[in-house]
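Spelled out from the first residue to the last, the chains are:
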Amino acid sequence: MISPITGMKDAFSLAGKNAVITGGNRGLGFGIARAMAECGANIAILCRDIRKAEEAVAELEQFGGKYDRFACDVTDRASVRKAVAEVEEAFGSIDILVNNAGVSCTKALLDMDEELTDWYKVVNTDLNGCVHMTYEVAKRMRDAGKGGCIINITSNAGFMVNHGQPMSPYSCAKAAMNHFTKCMAVELGEYDIRVNGIAPGFTNSELSVHIPPENMSYINTQTVAGRFGEPIEVGALAVYLASPAAAQVTGTVQVIDGGYMLRC
Ligand SMILES: NC(=O)c1ccc[n+]([C@@H]2O[C@H](COP(=O)([O-])OP(=O)(O)OC[C@H]3O[C@@H](n4cnc5c(N)ncnc54)[C@H](OP(=O)(O)O)[C@@H]3O)[C@@H](O)[C@H]2O)c1
């Protein structure tokens, strides 16, 4: 059982916690890495582009914790197993896992090739990547007996059919991640591992630069907040979910989309 906080002192602190963040080298993943590092966490970044990860690690150094990067392709179970073992060796244990790595695809099903290459690429990265990482990390959290926290970065596209851009593999992978979050919250709860999701809406990153210009005014009008989100704002929510303040929060998916879905 996870003890409740008794006051607000250190309620949002991640001091000394070891966090693994897939895709932490850029975009939302780096926003989460930065927010968690500022709140005291040590960070292990897992991704494919190691040069970009080295730049991210260098930027985190200002916060005075331990930061490192590990090559990992989340679609490949052997690569995940190797990277998680390397993190354990370097950091000792893992307290927080953020399943953030993801790709998108804006193509109608009938425009895909006969191999359904785009479908499998998105599902293998977003959904199966999250499952591969959870399997390797949650086993270690269970065996260490100290509990833990898993945060899955899904999307508001997991709750609706997006306007203007066909993206069924992405929406379906994210919807499945939302339900995986609930299943894991129940299965892993007995080991004091909390599992939650964050479902961002349009947020500034390399993923969002591919949005066609003709969709931009629709998106900004539809969003109550009137603008795209920033990676650090998603990071702030991730800090809360990972912190002692959220001890009673598990199996939820928190939408952070500036109110975009309210008008859908
Ligand atoms: N931006 C948005 O508007 C938005 C909205 C809702 C949800 N999201 C979600 O937020 C997450 C991050 O997206 P983003 O906008 O920051 O996108 P991004 O800038 O394109 O970053 C994607 C990240 O995923 C990593 N990645 C992709 N495939 C990988 C693989 N096979 N193995 C390991 N890492 C992989 C990339 O690193 P490498 O290329 O180096 O491997 C990169 O760090 C995604 O899950 C996305 O679906 C984004």
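To keep things clear, this report deals only with the structure shown in the data block. Keep in mind that what you see is a predicted model, and the values were worked out from it rather than measured.

## A word on the site of the ligand
- Around the ligand sit 31 residues, and of these Gly 23, Gly 27, Asp 49, Gly 102 and Ser 205 come closest.
- Elements represented by at least two residues in the shell around the ligand include exactly helix 1 (27-38) and helix 4 (117-144).
- For the shell around the ligand, a count of residues per class yields 10 nonpolar, 14 polar and seven charged.

## Quick notes on unusual backbone geometry
- Positive phi outside glycine occurs at Asp 10, with the angle close to 65°.
- Structurally, Asp 10 is set in the segment before strand 1 (18-22).
- One non-glycine residue, Leu 116, lies in the positive phi region at around 55°.
- Within the secondary structure, Leu 116 is located in the loop between strand 4 (96-99) and helix 4.
- C-beta crowding within 10 Å serves as the criterion here: with 12 such atoms nearby, Leu 116 is assigned to the exposed category.

## Some points on helix 5 (residues 168-189)
- Given a rise of 1.5 Å per residue, 22 residues ought to cover 32 Å, and the 31 Å separating the end C-alpha atoms of helix 5 matches this to within 8%.
- Residues of helix 5 that are buried include every one of Pro 169, Tyr 170, Ser 171, Ala 173, Lys 174, Met 177, Phe 180, Thr 181, Met 184 and Leu 188, and no others.
- On its buried face, helix 5 is in contact with helix 4, strand 5 (148-153), strand 6 (193-200) and strand 7 (253-256).

## A short note on the sheet that holds strand 5
- Across the sheet, seven strands lie side by side as 3-2-1-4-5-6-7; this open sheet has parallel pairing. With partners counted over all chains shown, the strands left at the sheet margins are strand 3 (67-71) and strand 7, one partner each. Strand after strand, the sheet turns through a mean of 20° between neighbouring axes, direction not considered.
- Where strand 4 and strand 5 come together, four bridges link them in parallel fashion. When the bridges of strand 5 are listed, Val 98 appears paired with Ile 151.
- Against the sheet, helix 2 (residues 50-60) touches strand 2 (42-47) and strand 3, its axis set at about 170° to strand 3.

About the cut-offs
Counting restarts for each chain, with residues numbered from 1 along the sequence as it is written. In keeping with the predicted nature of the model, local features appear solely for residues at pLDDT of at least 70, side-chain atom pairs appear and are counted solely at 80 or more, and the whole-chain, interface and lining totals rest on all residues. By definition, a residue lies near a molecule or strand when the C-beta atom built from its backbone is within 6 Å of it. Where helices and strands are cited, they refer to DSSP runs of H or I of at least four residues and of E of at least two residues respectively, numbered from the N terminus. Three classes are used, and their members are as follows: Ala, Val, Leu, Ile, Met, Phe, Trp, Tyr, Cys and Pro are nonpolar, Asp, Glu, Lys and Arg are charged, and the others, Gly among them, are polar. We call a residue exposed when 12 or fewer other C-beta atoms sit within 10 Å of its C-beta, buried when the count reaches 20 or more, and partly exposed for counts in between; the C-beta positions come from the backbone. Helices are assigned an expected span. That span is 1.5 Å times one less than the residue count. Residue pairs are scored as contacts if the distance between their C-beta atoms, which are placed from the backbone, is within 7 Å. Here, strands pair whenever DSSP counts at least two bridges between them. Between the N-to-C directions of two axes lies an angle of 0 to 180 degrees, each axis being a line fitted to C-alpha atoms and, for a helix, fitted only over the stretch in contact.

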